[in-house]
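# Descriptive structure summary
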There are 2 protein chains.
Amino acid sequence: MTTNEKIAALRAAAKAAGADGVMLVTSDPHSSEYLPARYTSLNWFSGFTGENSTLVVTGEGSALWSDGRFYIQADRQLAGTEIQSMHAAAAGVPTVEEYLKSHLTAGQTMLTDGSCMPTALFEKYNAALAEVGASLVSKDVVNPLWEAERPALPDTPCFLLSREQTGSSPAEKLTAVRAELKKAGATALAVTQLDCVAWLLDLRAHDIPCSPMAISYAFVTMDRCILFLAEGRLDADDADVLRANGVELRDYNALLDFVHTLDSDETVLVEKDTTNYDLYAAMQANPHLTLKEGADPVTALKGVKNPTELANLKECHIRDGVAMVRFQMDLEKALAEGKSLRECDIDIMLHRRRAEQPGFDQESFFTIAAYGPNAAMMHYTAKPGADSAIEPHGFLLVDCGGQYDCGTTDITRTYPMGPLTDNERKYYTWTLQSHISIARAVWLDYCTGFALDSFARGPLWQHRINYRCGTGHGVGFMGNVHEGPQSLRPNNPILFRPGMTITDEPGVYETDEVGIRIENELVCVDKGENQYGHWLGFEPMTYVPIDLAPVLVEELSGSDIAWINGYHKMVYDTLSPRLTEEECAWLAKKTAPIGR
Amino acid sequence: MTTNEKIAALRAAAKAAGADGVMLVTSDPHSSEYLPARYTSLNWFSGFTGENSTLVVTGEGSALWSDGRFYIQADRQLAGTEIQSMHAAAAGVPTVEEYLKSHLTAGQTMLTDGSCMPTALFEKYNAALAEVGASLVSKDVVNPLWEAERPALPDTPCFLLSREQTGSSPAEKLTAVRAELKKAGATALAVTQLDCVAWLLDLRAHDIPCSPMAISYAFVTMDRCILFLAEGRLDADDADVLRANGVELRDYNALLDFVHTLDSDETVLVEKDTTNYDLYAAMQANPHLTLKEGADPVTALKGVKNPTELANLKECHIRDGVAMVRFQMDLEKALAEGKSLRECDIDIMLHRRRAEQPGFDQESFFTIAAYGPNAAMMHYTAKPGADSAIEPHGFLLVDCGGQYDCGTTDITRTYPMGPLTDNERKYYTWTLQSHISIARAVWLDYCTGFALDSFARGPLWQHRINYRCGTGHGVGFMGNVHEGPQSLRPNNPILFRPGMTITDEPGVYETDEVGIRIENELVCVDKGENQYGHWLGFEPMTYVPIDLAPVLVEELSGSDIAWINGYHKMVYDTLSPRLTEEECAWLAKKTAPIGR
């Protein structure tokens, strides 16, 4: 079928169901960032392969909204189809709500698969439609059209993590969640996000590339916890362990029936941004359940790493550091030997060194290896056959990470490949200053992520340069490489707490010229109390040298230099026991103190 | 009458009025920061002479809430009276609302003078009382008891500023206000704050020490503006000027009658935090008036200085700088001659030098001259006979400012009086770094005062030191030394705009040891747009050398040093044309470039 035929089929399916249109959004039942192929209906129907988009098909026409990263791609991929390419948030472009209001009239209905739309979004679109007397109804007309070609749900073997890995048991975590529910005036919680279920029950699998999650839900009450997971995915021993922790097992598809028929009176805490509409509606339809809006407490609990997790994270960062050192040595050797490298080779070289490390499982996200101006595109992915050759000048940006049996890593280094321009040196130096600015920050505990984000940007702002993304995000423990609730970004109101981890990744992205990013992971630490209040700070968790060859040392302050020398000493002391003599000598050079 | 007799009289007056108690708060009909003596009833009845407090008298007892600055003073001044001294916000101390709820029962009423309580506060207390079925009623039982001794309303001669001074006319400002009212969906505004009336109508007087205000209101509609001012205070020429600007004149006391009887249909924009309850109630009682809550647009308009005001402010800061240079020379000479000085002498020395300057009118606030540990008390005022001698070591903190015919100034310098301790040098250096941190900040226009406030604190936070106040406040133009809406403080959501002025006054206050503050005024300037957005920055408006003798130069960064040298060059270049040869030589030394 062509795209136009698929859209026509959607339109006809809506009509057959007595409705007037269909909408699809990039989402799955778990509000995942990375979607299993089964939930890529928007891509299948539209032919657009980007992320974070919305497709609206009405009787009169169809339109797809993409975000700034994908404007050009959407224009290209939708060319020649009936679908109008909408640049979301661009001047003069109607919003999805405005489009819905102008294309539907009183009494008309739009259909969507409510299992793949968060409740908050469903309500937003429904409210817009209500303004013109129309409405949004949950009905899946997509699957019947797509079924023959639609990928199955992933079904990889599940496994449980040990107390040695996570420092806690499912039973203990359930106790903590129940305490939070009590504080929130609730008695029950549907745990819908995959990484939240994973944390709560120490459950992992390989359902999603780079994110070791199992497609599952959990439902927690004050005396029960039910894991909804496809039958047969857990071996008998693990199932027994969960049962011993007070967890009942049901099939993945049994959740809606369960909440429809639950006959104990519960006040269910619901986070509308992450609970899919069908689940929400099923809970709302059960008179035993009272729904109470609030943040999912699992996200906040998961965001603070316990001492065992922190110790394990240290070990995984050491292993990752050893791999990164060896990778950089390999890279320098290849360049010295005049080998011609392309961007896609970098991922292979990195994988080889990470795979040598004990407990390595997989990458924590698809490696970004971007040479020269390619790195100015923040979401660049080199494609085999269409990747750039690495030339002996300018910068190579490498953003990568690993999943180990003791944690998850995320690191970026920007390597000089040869001579650099003055601008390249300046941008690199200022990026490093921004990195240090947040790495050495000390603050009173009233200070939000917004205020700290400004700390990070200060040195770049001095030169009227900014980066159009946050400064950093949380990282899961054997989990998603992006997790909340903490983040370093404008308008983030979350307060940091000791044990939260965060990436520190400022950058300079000058279109068609250069992209630079320097990223460590940091952990928030307690800096004690005095008469002024409770002080917090960060400590680096990443042990990888920062290349100083590009740095304009005279631009650095004494504190910048002290931080660099202190950090590099720690890197050397931590990694050298695991390195060969040759590697130690290399690292000693890379971490030698600098001065003015 | 003793305090207990006065409280008993209040209680009896409440009873005679059929009520059950009385409450008094520190306020006046205009929500002024500095109160005319006529509005100090709380002090007269209680004997407590501090600021920002609340007195509650019920049938059973009486209590006075003071804030942290005044706990000890309140304890002392209330000792021996029936009034319980309440430390507001201290652990275990009931709030005013809690006290009201526990001392009144259903059907009972408290009285207050609603003309001296902001509507928002009145509603807060009334809501608390409503929880127990009681209520707050506006009735003034204070004046009959106090009348014989009560100070009259100030009645100083009023005058108008010229277009050469303010760069705008009342008619032009009325046009701007009406445009803002239109945007807010309103047609009328009661201008209640004295500095807002002063700005709107170019009106000044000397009703309040240091604040050149006239006790007045204005009421603005789309086609009328009425100034409520005691008859005879404005000369005939000025009255004609106002009439030519479309302003009607009425007696100060005619406002309530006016709003009661206004018979045009108006939507009145009301800022509940600054509109007194009696005025609010009178407007609410008029069926022609619809009240709409919102911020008083005059505050926002007044906060952005126009080019004429900025040019005049520059001139007044030059005059103030010349006076400050001469004062510092006088001070150094007196110390060199071994003269014994006390804190109160400083105010006299400063006044002499400011009074020599053309257009000087008065101080913009009571000078703070605090020697040694006294300066650790942020609100210290030296009292004649009880002031400290200045010794030849440690620091003298001097915070002062002037009202000129071309603007208002506010400046703090901390002078070394002789040898300093290591801590004193460190604290001074770090305070200077914090000062520079905000002075040289460049930021994107989405950044709030909260985020910028963190910039300022960063260098002190590195040493786990904080100051328990904002980093800076707006300053009026021939107006109040404190004005909004902009400020540098935690939780301030206001965005800076070019033309806003702000003080930059971080400090270190170590109890019983030392107090240091370095304060310039800054003006927000446009730094242009580029692909990242719209950039803003600050430029100093104060031209006074910062003493570098205490500075530990090795702690400074290259950018710190560049800022200091650039600032000092500007100070020298700006002031030297107005100084004698001897003064120039002195200033050249004080502003000589430093290096490492």
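Above this note sits the structure.
Worth saying up front: this structure is predicted, and the values here are computed from it rather than measured.

Here we take up the nonpolar core. The biggest cluster of nonpolar side chains holds 116 residues, and the ones touching the most others in it are A:W443, A:F496, A:L575, B:W443, B:F496 and B:L575. Leaving out residues up to four positions away in the same chain, B:F496 has contacts with B:W443, B:G449, B:L452, B:Q486, B:S487, B:L488, B:I502, B:C524, B:L536 and B:F538.

Residue and element names in this part refer to chain A. Within strand β10 (residues 216–221), six of the six residues are buried, leaving the element largely enclosed by the surrounding structure. Residues S216, A218 and V220 of β10 are buried on one face, and the alternating residues Y217, F219 and T221, pointing to the opposite face, are buried as well. Two elements, strand β8 (residues 188–191) and β10, share four bridges in a ladder whose sense is antiparallel. Bridging across to β10, V191 finds its partner in A218. Where β10 meets strand β11 (residues 225–229), five bridges bridge the pair, whose relative direction is antiparallel. Each bridged residue has a counterpart across the sheet, and for Y217 the counterpart in β11 is F228.

Residues and elements named next belong to chain A. Strand order in the open sheet formed by three strands is β16-β17-β20, with antiparallel pairing between adjacent strands. The sheet terminates laterally at β16 (368–371) and β20 (411–416), the two strands that pair on one side only. Adjacent strand axes in the sheet meet at a mean angle of 10°, parallel and antiparallel pairs treated alike. One ladder, built from six bridges, connects strand β17 (residues 395–400) with β20; its direction is antiparallel. Looking at the pairing, D399 lines up with T412 of β20. Together, β16, β17 and β20 form the strand contacts of helix α15 (residues 343–355), whose direction differs from that of β17 by roughly 45°.

A separate point is the interface of chain A and chain B. Contact with chain A, which involves 33 residues of that partner, is made by 33 residues of chain B. Summed over both partners, the interface of chain A with chain B comes to about 2,900 Å²; 55% of that surface belongs to carbon and sulfur atoms. For chain A, the biggest contributors to the area lost against chain B are A:W461, A:R464 and A:Y532; these three give 27% of the whole. On inspection of chain A and its partner chain B, the count reaches zero salt bridges.

Before going further, it helps to examine empty space enclosed by the protein. Residue and element names in this part refer to chain B. Under the definition given, this model contains seven cavities of 30 Å³ or more. If you add up the space inside the largest cavity, you get close to 160 Å³. Lining the largest cavity we find 20 residues, and of these L24, V25, S27, S41 and C116 sit closest to its centre. Listing elements by their share of the lining of the largest cavity, those giving two or more residues are β1 (21–25), α2 (41–46) and α6 (142–146). Each residue belonging to the lining of the largest cavity can be placed in one class, and the counts come to 10 nonpolar, six polar and four charged.

This brings us to the relation of the copies chain A and chain B. With an axial shift of 0.1 Å and an RMSD of 0.1 Å, the rotation relating chain A to chain B amounts to 180°. The relationship between the two copies is best expressed as a two-fold rotation axis. When the interface residues of chain A are mapped onto chain B, 100% of them are again interface residues, pointing to one common binding face.

Residue and element names in this part refer to chain B. Counted according to the given criterion, the structure contains 40 aromatic pairs over all chains. Seen from their ring centres, F219 and F258 are 5.3 Å apart, and the 65° between their planes marks the pair as edge-to-face. Remark: F258 occurs in helix α11 (residues 255–261) and F219 occurs in strand β10 (residues 216–221); sequence separation between them is 39 residues. In this pair, the class of F219 matches that of F258, namely buried.

The rules behind the values
- Residues numbered from 1 in each chain as written.
- Chains lettered and ligands numbered in written order.
- Predicted model: local features only at pLDDT ≥ 70, side-chain atom pairs only at ≥ 80, totals over all residues.
- Heavy atoms only, no water.
- Core = buried A, V, L, I, M, F, W, Y, C linked by side-chain atoms within 4.5 Å.
- Buried < 20%, exposed > 50% of the residue type's maximum accessible area, 1.4 Å probe, protein only.
- Contact = heavy atoms within 4.5 Å.
- Helix = DSSP H or I, 4+ residues; strand = E, 2+ residues; numbered from the N terminus.
- Pairing = 2+ DSSP bridges.
- Axes fitted to C-alpha atoms, helices over the stretch in contact; angles between N-to-C directions.
- Buried area = accessible area lost by both parts, 1.4 Å probe.
- Salt bridge = Lys/Arg side-chain N within 4 Å of Asp/Glu carboxyl O.
- 1 Å grid on protein atoms, 1.4 Å probe; cavity = no way out; pocket = protein on both sides within 12 Å on 5 of 7 lines; lining within 4 Å.
- Points joined across faces, edges and corners; volume = space filled by probe spheres on them.
- Nonpolar A, V, L, I, M, F, W, Y, C, P; charged D, E, K, R; others polar.
- Least-squares fit on C-alpha atoms with pLDDT ≥ 70 in both.
- Phe/Tyr/Trp six-rings, centres within 6.5 Å; stacked < 30°, edge-to-face > 60°.

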